[in-house]
Amino acid sequence: MVNLQKGQKIDLTKTNPGLTTIIAGLGWDPVKSGGGGGGLLGGLFGGGGAPKIDCDASVYLLNKDGKLAQKKNLIYFGNLKSPCGSVRHTGDNLTGDGDGDDEQIHIELARVPADVHRLVFVVNIYDCAKRKQHFGMIKNAFIRIINGANNNELCKFNLSEGYEGKTSLITGEVYRHNGEWKFAALGEATMDPGLESLTRRFV
Amino acid sequence: MISLAKGQKIDLTKTNPGLTKIFLGLGWDTNKYDGGKDFDLDAVAFLVNTEGKAAGDGAFIFYNNKQDPSGSVVLSGDNLTGAGEGDDESIKINLATVPAEIEKIAICIDIHDAATRSQNFGQVSNAFVRVVNEDNGEEIIRYDLGEDYSIETGLVVAEIYRHSGEWKFSAVGSGFQGGLAALASTYGLNAG
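Rules used throughout
- Residues numbered from 1 in each chain as written.
- Chains lettered and ligands numbered in written order.
- Predicted model: local features only at pLDDT ≥ 70, side-chain atom pairs only at ≥ 80, totals over all residues.
- Helix = DSSP H or I, 4+ residues; strand = E, 2+ residues; numbered from the N terminus.
- Rg over C-alpha atoms; globule rule 2.2 N^0.38 Å.
- Contact = placed C-beta atoms within 7 Å.
- Pairing = 2+ DSSP bridges.
- Axes fitted to C-alpha atoms, helices over the stretch in contact; angles between N-to-C directions.
- Nonpolar A, V, L, I, M, F, W, Y, C, P; charged D, E, K, R; others polar.
- pLDDT = per-residue confidence, 0-100.
- Buried ≥ 20, exposed ≤ 12 C-beta atoms within 10 Å, placed from the backbone.
- Core = buried A, V, L, I, M, F, W, Y, C linked by C-beta atoms within 7 Å.

1. Examining the overall build of chain B
And then number 1: For chain B, the helix and strand inventory stands at two helices and 12 strands.
And then number 2: Reading chain B from its N end, one meets helices and strands in the order β-β-β-β-β-β-β-β-α-β-β-β-β-α.
And then number 3: Rg of the C-alpha trace for chain B: 16 Å, near the compact-globule value of 16 Å for 192 residues, within the 12% margin.
And then number 4: Structurally, chain B occupies a C-alpha span of about 50 × 35 × 25 Å along its principal axes.
And then number 5: Restricting the contact set of chain B to residue pairs at least 6 apart, pairs at least 24 apart contribute 67%.

Spelled out as structure tokens, the structure:
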């Protein structure tokens, strides 16, 4: 199992021959506020208790120009299965409670259509503008890739930057290179307030 | 125009008789998604002798020493952000006037302040080097480095070297860490 750093790229199928199905597991924890504490967080939460932050993991199936060939190639809580059937989102976790993956996306690599070259995994905070939430309030965000056949964790990227004030995370991407699949740890963040805005980058 | 892959070597002067002045254009894109810190990538060159060492301090061409003593290798400008299409930095070489003791010219790119800015080449995309015949503007070679790097903070992109009385180009594409000082010391220089 490889722990990745931002910018790192790693072979998936080349070093794991026979790999056909992967699971992208995404997880995060809300920062617990120290109640009444000083600073921005204390003021926002008004004392005590972890805020309920609804993070949503989604994936964009992009063509070789980095664009969505069709709207339904965005897999998210409102569109859980790709038209080609190769990508399946296991559903929306509304609170982020619990250890391990908060949301998972299953991908049958062998069935991904030839015109899909990149799968870009993003995380948004649902309703972040109204709830005044941002990724500075999230810690331990990660994306990991698991071998779907035997549940072996192949690699994990812990997003360790602060991402203060940012509302969308582009965690990583699974992409084709020379007939094989690779994973790149991206760890980029933007100010897009939601999926609609983020999606405009890919159309 | 020939597109090269990492590891490939190709004739310059043998297949382009009369070729003397070449222009190397280096380019890259950064920060695909907004909000990242500026990337300051520096193109540098080392004039290396037959012992594999830089022929003196003047043989390290970088933003504070843009021309070697013979005037054969000249670095243009310092693009601090990488903004803009096409070449971000360029190096001109007059193959005919490179001193006889110089066996090869190593062309490298370093991410300035990579450690402090937490940057590496995995966050840079579409890096390329192209060789243009300055006399007629013809692009002879292009080497797209695309996937040839990951978390490196510097790259030895290519080497232009002598072989049997001719000049050749080698698509090296290998990474190095530690910044320009570390790179310079591998060529025998103390770039303190």
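Picking up where we left off.
2. Details of the sheet that holds strand β2 (residues 9-11) of chain B
Residues and elements named next belong to chain B.
And then number 1: The strand order across the open sheet built from six strands is β2-β12-β11-β8-β4-β5, with neighbouring strands paired in antiparallel fashion. Each edge of the open sheet carries a strand with a single partner, namely β2 and β5 (60-61).
And then number 2: Sheet topology note: the strand β8 (residues 102-111)/strand β11 (residues 154-163) ladder contains seven bridges and is antiparallel. Across the sheet, Ile-107 pairs through a bridge with Ala-158, a residue of β11.
And then number 3: Each of β4 (41-49), β5, β8, β11 and β12 (166-176) touches helix α2 (residues 179-186); the most contacted strand, β8, lies at about 165° to it.

3. Concerning the interface of chain B and chain A
Accessible area lost upon the coming together of the parts serves often as the stated size of an interface.
And then number 1: On the chain A side, the residues contacting the 12 residues of chain B number 13 residues.
And then number 2: Residues that form the side of chain B that touches chain A fall into these classes: three nonpolar, seven polar and two charged.

4. Description of the pairing of strand β9 (residues 124-133) of chain B
Residue and element names in this part refer to chain B.
And then number 1: Pairing geometry for strand β3 (residues 21-30) and β9, over eight bridges, is antiparallel. Looking at β9, one finds that Leu-24 is bridged to Val-131.
And then number 2: Where β9 and strand β10 (residues 138-144) come together, six bridges link them in antiparallel fashion. Bridge pairing in β10 links Val-132 to Glu-139.
And then number 3: Linking β9 to β10, which pair antiparallel, is a turn of four residues; within it Gly-137 sits at a positive phi near 75°.

5. Focus on the confidence of the model for chain A
And then number 1: The predicted model of chain A has a mean per-residue pLDDT of 88, with 87% of residues at 70 or higher.
And then number 2: Long-range and interchain partners of residues 34-38 of chain A, a stretch whose pLDDT sits below 50, account for five contacts in this model, where long-range means more than four residues apart.

6. Section: unusual backbone geometry
All names here are of chain B.
And then number 1: Even without being glycine, Asp-113 reaches a positive phi, approximately 65°.
And then number 2: The topology assignment puts Asp-113 in the loop between β8 and α1 (114-117).
And then number 3: Among the residues examined, Asp-113 registers 15 C-beta atoms within 10 Å and is labelled partly exposed.
And then number 4: In this structure, Ser-118 is a non-glycine residue whose phi angle is positive, near 55°.
And then number 5: Relative to the helices and strands, Ser-118 is located in the loop between α1 and β9.
And then number 6: Classification of Ser-118 as partly exposed rests on a count of 16 C-beta atoms within 10 Å.

7. Observations regarding the pairing of β4(B)
All names here are of chain B.
And then number 1: Among the nine residues that make up β4, eight are buried, leaving the element largely enclosed by the rest of the structure.
And then number 2: The pairing of β4 with β5 spans two bridges and is antiparallel. Bridge pairing links Ala-45 to Ile-61 in β5.

8. Focus on the nonpolar core
And then number 1: Counting 54 residues, the largest nonpolar core has B:Ala45, B:Leu47, B:Ile105, B:Ile107, B:Cys108, B:Val157 and B:Ala158 as the members making the most contacts within it.
And then number 2: Here B:Ile105 is in contact with B:Ala45, B:Leu47, B:Val73, B:Ile93, B:Glu159 and B:Ile160, once residues within four sequence places are set aside.
And then number 3: Among the nonpolar cores identified, the runner-up in size contains 50 residues, and A:Val59, A:Leu62, A:Ile75 and A:Leu198 belong to it.

9. Considering the sheet that holds strand β7 (residues 103-108) of chain A
Residue and element names in this part refer to chain A.
And then number 1: Reading across from one edge, β1-β10-β9-β3-β7-β6 is the order of the six strands in this open sheet, with mixed pairing throughout. The sheet terminates laterally at β1 (2-4) and β6 (87-89), the two strands that pair on one side only. On average, adjacent strands in this sheet sit at an angle of 15° to one another, irrespective of strand direction.
And then number 2: Alignment of strand β3 (residues 21-30) against β7, held across six bridges, turns out to be antiparallel. Opposite Leu-26, over in β7, you have Glu-103 as the bridge partner.

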